[in-house]
Amino acid sequence: MSKPIEHDYIGLSEQPLPSMEKSSDTNDKKNGLRLKDTELRLGLPGSDSPEREDHDQNVLSLKSFVPGAKRGFSDALDGGGKWVFSGGSGGGSEGLFSPRGGGKNNGGNDLSGPDSGLGGPVLKDGAAQKPQVVQEKKSQRVAGSIHGNGITAAPAPTRAQVVGWPPIRSFRKNTMASHPSKNDDDDNAEANLGSECLYVKVSMDGAPYLRKVDLKISGSYKELSSALEKMFSCFTIGQCGSNGVSSRDGLSESRLIDLLHSSEYVLTYEDKDGDWMLVGDVPWEMFTNSCKRLRIMKSTEAIGLAPRAMEKCQNRT
Amino acid sequence: MHKKMAFSFPDEVLEHVFSFIQSDKDRNSVSMVCKSWYEIERYCRRKVFVGNCYAVSPRMVIRRFPEFRSIELKGKPHFADFNLVPDGWGGYVFPWIAEMAGALPWLEEIKLKRMVVTDESLELIAKSFKNFKVLVLSSCEGFSTDGLAAIAATCKNLKELDLRDCEGDDLGWHWLSYFPDTYTSLVSLNISCLGSDEVSFSALERLVGRCTNLRTLRLNRAVPLDKIANILRHAPQLVEFGTGSYTADLRPDIYSDLAGAFSSCKELKSLSGFWDVVPAYLPAIYPVCSKLTSLNLSYATLQSSDLIKLVSHCPNLQRLLVLDYIEDSGLEALASICNDLQELRVFPSDPFGVEPNVSLTEQGLVAVSSGCPKLQSVLYFCRQMSNEALVTIAKNRPNFTRFRLCIIEPTTADYLTLEPLDVGFGAIVQYCKDLQRLSLSGLLTDRVFEYIGTYAKKLEMLSIAFAGDGDLGLHHVLSGCESLRKLEIRDCPFGDKALLANAEKLETMRSLWMSSCAVSFGACKLLGQKMPRLNVEVIDERGPPDSRPESCPVDKLYIYRTLVGPRFDMPPFVWTMEDDPSLQQLSRANLM
């Protein structure tokens, strides 16, 4: 029996194990698994590696629209206009286990082979801060594990959030969010509140349906804006093409930039009092506590919101 | 002449015989005996079940069964429950309502799951079906209380309005007042999912008061505790009741009022609700506990000791939903008290914390599997598991039909041996020969899939996350699980080979979901081309998949069998892999 293996959370130390490899080979032969004989094959045997580099290029080029987009939203943002698109940093809005969340894969891994040894998608060290934090937490539990990158564990550890995991319905999560565990003392209770997710509906004028966004995953206005942009860019593209038609046929890059340059839309939210306010006027914490839903509004309709927001702020302070 | 007559019954006789056959499977078998039975059966089929609304068109269903009275439709894939399916994906019910409105004026029942139901759809239902009786919306969205008001105002014969786990938009509770004063036929009302802080209590009380056949009433959180007594007094015949917010200042008059009201409910078998529960008010329900068969405490933040006290009053429980505050000690108590328990669901109180906040481990599940001989359905969230425990559980309870285990941290190993949990889950499928549904978690290699492919012959639904080593795992499942209908996979290193090698299997299943796996766009295209009776849908919010190399993995993949080809209501981020490249040009031309 092989010695017990450490499996840290994100599989960084994952090596294809000799024992596992062997057994899968023998299984191959035992079952007479002749995948090669199968009629249906790609014709690109074994050698294909997921072309992550290319993919990242493409993603980055989509993101190059952003400089234009800033103008539409940044007026509403606190601190005015400094809106950096968090492209390569692993992104707050992507879960840890999203393999395409701006992180990079181990280059030469052949994901389709039986010996890839992947228990899950892998993020490189440099990608984001969150994996390191999580690793530290895990080390408290696993014997003899990875130590010492110098990060001290926070008093109430919470994991970076993966979309849809654990598999709990949103209405359960929203219930728990407003009632922290009675078993915990105050410190933990606060931390627990901080770790709950908070889905709010987002509507966009002219879009055929609503989306939902998790405010807890976005840690700041910047991340929220980029998440929304990703979500709704398909609508601005969709306006120019029909279903199923690739963007090559319809929209061109310059067209999208035009739409966003024109500051056609602003981001607003409905607060607990039922008033509509411009996003960005209040500190992030206050915003997440009072935001009930979001609306990407046409700029023409948003006139008159700003003064009300300022009044409210003044009344609060 | 005489010989012929001896072999055939008049149609009416056959119809009468068929009317005793209710199950879809049996009905389908009957219709395949011979042509005349097919014809007779199709005219007298009253209930239709469509497991995937995109597998068939409403017109086809109506053409085959022109006289049905009840339809059940399902839309989005199951993982939509966990926000893995982007909004706008589809599942619109309106086209179905529109077709049925003209052709089936006597339709009585509509049951929908994971579909988008607009107010327009609800209004059309209200307008079109004069004898409409039952509306069940399970995990649906897209409607507001405006649509509900239309139903309330128009459906004179409505018996059941059940909105379980829906996301409705509240524009107020005034919709309840749209039930006319003459309306008295309500039997079941479930509005537990609605939000809204404005509640028209008087409208609710009057409605409850005049509907003397009311059996099921599930209120929402907005209904305060001190209103419940009145409502219960108006409906002492209730069999199923869901409270609202179970909290109030501690006042003896409220308590005695409540306790008295509960005591007068001699038929109560099922309780739910209990949001914001204050333990001091729990004893008010003790009078009804001994008859309870179903108890949903999954919103009740009670400590283990309070839970044990409550459960000890309910020896006849068959179904329990509870938070993990119950802890191992509570489950041990449950195991000794509730010998009739058939279904148990334990939800996590702190799903995102890394350290356990309660003392709930695999031991609780072991205890219940040992003490409850009728236990067949389990959903269990915990933070640690061992192969040893799973083997014990499997041997204790070979009668499991549904086993869903969620170890909260992905790829968690056996905490005793640090090995994968392959052997443990292997024991589950080996001993539980009637297992229909299985959800896996923890650290798992391809070995567990070998076990599943070998033993899980009755398995119909399998959910996999963060597991496996490669294509071999998926191949085991697809080639071995003969009864498999639904397979959903996320974050596993399964790629093209197993999928393509088992392409024909996919036509025997309802659907396959794969997200964050390693299936390339090229493979999807190939599959779409070769299998015309499958819709291969690529869901990718990054942009069109053909803007990336063909070997690039797709983000999400949903494959389902269908008789009607690609659908036309896809949002911009969903692409169907077409049957034939030449057809692709044609269909594009049609769209232009």
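Positions within a chain are numbered from 1, following the residues in the order the chain's sequence is written. As they are written, the chains are lettered A onward and the ligands numbered 1 onward, keeping that order. The model is predicted, so local features are restricted to residues of pLDDT at least 70 and side-chain atom pairs to those at 80 or more, both for listing and for counting; the totals for chains, interfaces and linings are taken over all residues. Computation of side-chain values: all heavy atoms of the structure, hydrogens and water removed.

**Overview of the overall build of chain A**
Numbering of helices and strands runs from the N terminus, with a helix taken as a DSSP run of H or I at least four residues long and a strand as a DSSP run of E at least two residues long. Of regular secondary structure, chain A possesses 10 helices and five strands. Considering chain A as a whole, with its 317 residues, one finds that 47% of them fall into the buried category. It only takes one pair of heavy atoms within 4.5 Å for two residues to be counted as in contact. The long-range share in chain A, meaning contacts at least 24 apart out of those at least 6 apart in sequence, stands at 61%. Only carbon and sulfur atoms are counted for the fraction: they give 52% of the accessible area of chain A, which is about 15,800 Å². Burial classes follow relative accessibility: with a 1.4 Å probe on protein chains only, a residue under 20% of its type's maximum area counts as buried, one over 50% as exposed, and anything between as partly exposed. With residues, only the protein chains shown are counted as cover, and all accessible areas are computed by Shrake-Rupley using a 1.4 Å probe.

**So, the environment of B:Tyr255**
Examined against the element boundaries, B:Tyr255 turns out to sit in helix α11 (residues 252-263). The contact partners of B:Tyr255, leaving out residues within four places of it in the chain, are B:Ala280, B:Tyr281, B:Pro283 and B:Ala284.

**Remarks on the packing of aromatic side chains**
The relation between two aromatic rings is expressed through the spacing of the ring centres and the mutual angle of the planes. A pair of aromatic rings is counted whenever rings of Phe, Tyr or Trp (Trp by its six-membered ring) have centres within 6.5 Å, and the orientation is called stacked for planes under 30 degrees apart, edge-to-face for over 60 and tilted otherwise. If you walk through the whole model with that rule in mind, you get 23 aromatic pairs over all chains. The interplanar angle of 85° and the centroid separation of 5.3 Å between the aromatic rings of A:Trp165 and B:Phe466 together place this pair among those described as edge-to-face. Here the residue A:Trp165 occupies a position in the loop between α4 (129-139) and α5 (170-177), and B:Phe466 occupies one in the loop between β18 (461-465) and α19 (471-480), the pair thus bridging two chains. Here a set of aromatic residues connected by ring pairs shows up, and it is made of B:Tyr54, B:Phe79, B:Phe82, B:Trp89, B:Trp513, B:Tyr558 and B:Tyr560. Against the face of B:Phe347 rests A:Arg172, its NZ or CZ located 3.7 Å from the ring centre. We count a charge as sitting over a ring when the NZ of a lysine or the CZ of an arginine lies within 6 Å of the ring centre and within 35 degrees of the ring normal.

**Concerning the nonpolar core**
Among buried residues, those of type Ala, Val, Leu, Ile, Met, Phe, Trp, Tyr and Cys that are joined through side-chain atoms within 4.5 Å constitute a nonpolar core. Core analysis: the largest hydrophobic core is formed by 202 residues, its most contacted members being B:Met100, B:Ile110, B:Tyr246, B:Phe403, B:Leu438, B:Ile452 and B:Leu487. In contact with B:Tyr246, not counting residues within four places along its chain, are B:Leu225, B:Leu258, B:Phe262, B:Phe274, B:Trp275, B:Asp276, B:Val277, B:Val278, B:Tyr281, B:Leu282, B:Ala284 and B:Ile285. Core analysis: the next-biggest nonpolar cluster, separate from the first, contains 22 residues, A:Met204, A:Trp284, A:Leu294 and A:Ile296 among them.

**Regarding the pairing of strand β1 (residues 199-204) of chain A**
All names here are of chain A. Judged by how many residues are buried, β1 sits mostly within the fold: five of six residues are covered. Think of it this way: DSSP has to see at least two bridges between two strands before they count as a pair. In the sheet, β1 pairs with strand β2 (residues 211-214) via four bridges, with the strands oriented antiparallel. The residue bridging Tyr-199 from the neighbouring strand is Asp-214, located in β2. Here β1 hands over to β2 after six residues, with Gly-206 in that stretch at a positive phi of 95°.

**What to know about the packing of helix α7 (residues 119-128) of chain B against helix α8 (residues 145-154) of chain B**
Residues and elements named next belong to chain B. Every angle, taken between N-to-C directions, lies between 0 and 180 degrees, and every axis is a line fitted to C-alpha atoms, over only the stretch in contact when it is a helix. Interhelical geometry of α7 versus α8 gives an angle of 5° and a closest axis separation of 8 Å. By the criterion of interaxial angle, the relationship of α7 to α8 is roughly parallel. Contacts from Asp-119, Leu-122, Glu-123, Ile-125 and Ala-126 of α7 reach α8 at Asp-146, Gly-147, Leu-148, Ala-150, Ile-151 and Thr-154. Under the grouping applied here, Gly and all other residues not named as nonpolar or charged are polar, the nonpolar ones being Ala, Val, Leu, Ile, Met, Phe, Trp, Tyr, Cys and Pro and the charged ones Asp, Glu, Lys and Arg. Partitioning the contact of α7 with α8 into residue classes produces six nonpolar, two polar and three charged. Any angle that is under 35 degrees is reported as roughly parallel, and any over 145 degrees as roughly antiparallel; angles of 65 to 115 degrees are reported as roughly perpendicular and all others as oblique.

**Comments concerning the side chain of B:Ser270**
Residues and elements named next belong to chain B. You can see Ser-270 is positioned in strand β11 (residues 270-272). Owing to a relative accessible area of 4%, Ser-270 belongs among the buried residues under this scheme. Polar side-chain contacts of Ser-270 include one of 3.1 Å to the side chain of Arg-218. With residues near it in sequence (within four places) discarded, Ser-270 still touches Arg-218, Val-239, Glu-240, Phe-241, Leu-292 and Ser-294. Residues adjacent in sequence count toward polar contacts only when both atoms are side-chain atoms; beyond that, a polar contact is any pair of N or O atoms within 3.5 Å, and within protein one must be able to donate a hydrogen and the other to accept it.

**Regarding the UniProt feature "domain: F-box" (unreviewed entry) in chain B**
Mapped onto the present numbering, the UniProt feature "domain: F-box" (unreviewed entry) falls on residues 9-50 of chain B. For the annotated span residues 9-50 of chain B, helix accounts for 62% and strand for 10% of the residues, and the straight-line distance between the end C-alpha atoms is 31 Å. UniProt positions are given in the numbering used here, feature names are shortened, and annotations may be inferred rather than shown by experiment.

**Description of unusual backbone geometry**
In the segment running from A:Trp165 into A:Pro166, the intervening peptide bond is cis, with an omega of -5°. Non-glycine residue B:Leu418 carries a positive phi angle of around 60°. As for its position among the elements, B:Leu418 is in the loop between β16 (402-407) and α17 (422-431). With a relative accessible area of 29%, B:Leu418 lands in the partly exposed category. Of note, the phi angle at B:Asp491 is positive, near 55°, even though the residue is not glycine. Here B:Asp491 lies in the loop between β19 (486-490) and α20 (496-501). When its relative accessible area of 1% is taken as the criterion, B:Asp491 is described as buried.

**Some words on the pattern of salt bridges**
Here a salt bridge means any side-chain nitrogen of Lys or Arg lying within 4 Å of a carboxyl oxygen belonging to Asp or Glu. A full pass over the atoms with the stated rule returns 32 salt bridges over all chains. Between B:Arg221 and B:Asp276 there is a salt bridge whose closest N-O contact spans 2.6 Å. In this pair, B:Arg221 is assigned in the loop between β9 (216-218) and α10 (225-234) and B:Asp276 in the loop between β11 and α12 (286-289), connecting sequence segments 55 residues apart. Taking relative accessible area as the criterion, B:Asp276 reaches 16% and is therefore assigned buried. For the salt bridge of B:Asp491 with B:Arg490, the shortest nitrogen-to-oxygen distance reads 2.8 Å. The exposure classification of B:Asp491 matches that of B:Arg490, with both residues buried. Look at the salt bridges and you will find they share partners, linking A:Arg169, B:Asp81, B:Arg114 and B:Asp165 into a network.

**A closer look at a negative patch on the surface**
Residues and elements named next belong to chain B. Together, Asp-11, Glu-12, Glu-15 and Glu-67 line one region of the surface with negative charge. With respect to the helices, strands and loops of the structure, Asp-11 is situated in helix α2 (residues 11-18). On the accessibility criterion, Asp-11 (42% relative accessible area) is partly exposed. Only residues whose relative accessible area exceeds 30% and that form no salt bridge are eligible for patches; like-charged ones are grouped when within 9 Å, while nonpolar side chains (Val, Leu, Ile, Met, Phe, Trp, Tyr) are grouped when within 5 Å. Counted as positive: Lys and Arg. Counted as negative: Asp and Glu. His and the chain ends are not counted at all. Lys charges are placed at NZ, Arg charges at CZ, Asp charges at CG and Glu charges at CD.

**Re the confidence of the model for chain B**
All names here are of chain B. Scored from 0 to 100, pLDDT reflects the predictor's confidence in each residue. Per-residue pLDDT for chain B averages 93, and the proportion of residues at 70 or more is 95%. Here residues 1-6 scores under 50 on pLDDT; set against residues more than four positions off or in separate chains, the count is zero contacts. In this model residues 584-592 is a low-confidence stretch, pLDDT under 50, and it forms eight contacts with partners more than four residues away in sequence or in other chains. Of the two predicted TM-score estimates for the complex, the pTM is 0.76 and the ipTM is 0.89.

**Re the packing of α2(B) against helix α4 (residues 35-44) of chain B**
Residue and element names in this part refer to chain B. Axis separation between α2 and α4 bottoms out at 10 Å; the angle between their running directions is 60°. Our classification of the angle between α2 and α4 gives oblique. The element α2 and its partner α4 pack so that their crossing is right-handed. For the pair α2 and α4, contact is made by Asp-11, Leu-14, Glu-15 and Phe-18 and by Trp-37, Ile-40, Glu-41 and Cys-44, respectively. Its residues placed into classes, the contact of α2 with α4 shows five nonpolar, no polar and three charged. In this scheme, a crossing is called left-handed if the near helix is turned counterclockwise away from the far one by less than a right angle; it is called right-handed if the turn is clockwise.

**Overview of the environment of B:Val56**
Residues and elements named next belong to chain B. Looking at the secondary structure, you find Val-56 in the loop between β1 (47-50) and α5 (58-64). Separated by 507 residues in the primary sequence, Val-56 and Leu-563 place their C-alpha atoms 5.5 Å from one another. When sequence neighbours within four positions are dropped, the list of residues in contact with Val-56 reads Val-50, Val-61, Trp-96, Thr-562, Leu-563 and Val-564.

**Focus on the pairing of β1(B)**
Residue and element names in this part refer to chain B. Covered by surrounding structure in β1 are Val-48 and Val-50 only, the residues Lys-47 and Phe-49 on the alternate face being uncovered. As judged from the four bridges shared by β1 and strand β2 (residues 70-74), these two strands associate in the parallel manner. Note on β2: the bridge partner recorded for Lys-47 is Ser-70. As a crossover connection, the stretch from β1 through α5 into β2 is right-handed. The definition of a right-handed crossover adopted here requires that, viewed with the strands pointing away, the path from the first strand over the helix to the second runs clockwise.

**Points about the sheet that holds strand β3 (residues 265-271) of chain A**
Residue and element names in this part refer to chain A. With respect to topology, five strands assemble into an open sheet ordered β2-β1-β5-β3-β4, the strand pairing being mixed. Of all the strands in the sheet, just β2 and β4 (276-278) have a single pairing partner and so form its edges. Between one strand axis and the next, the sheet turns by 35° as a mean value, whatever way the strands run.

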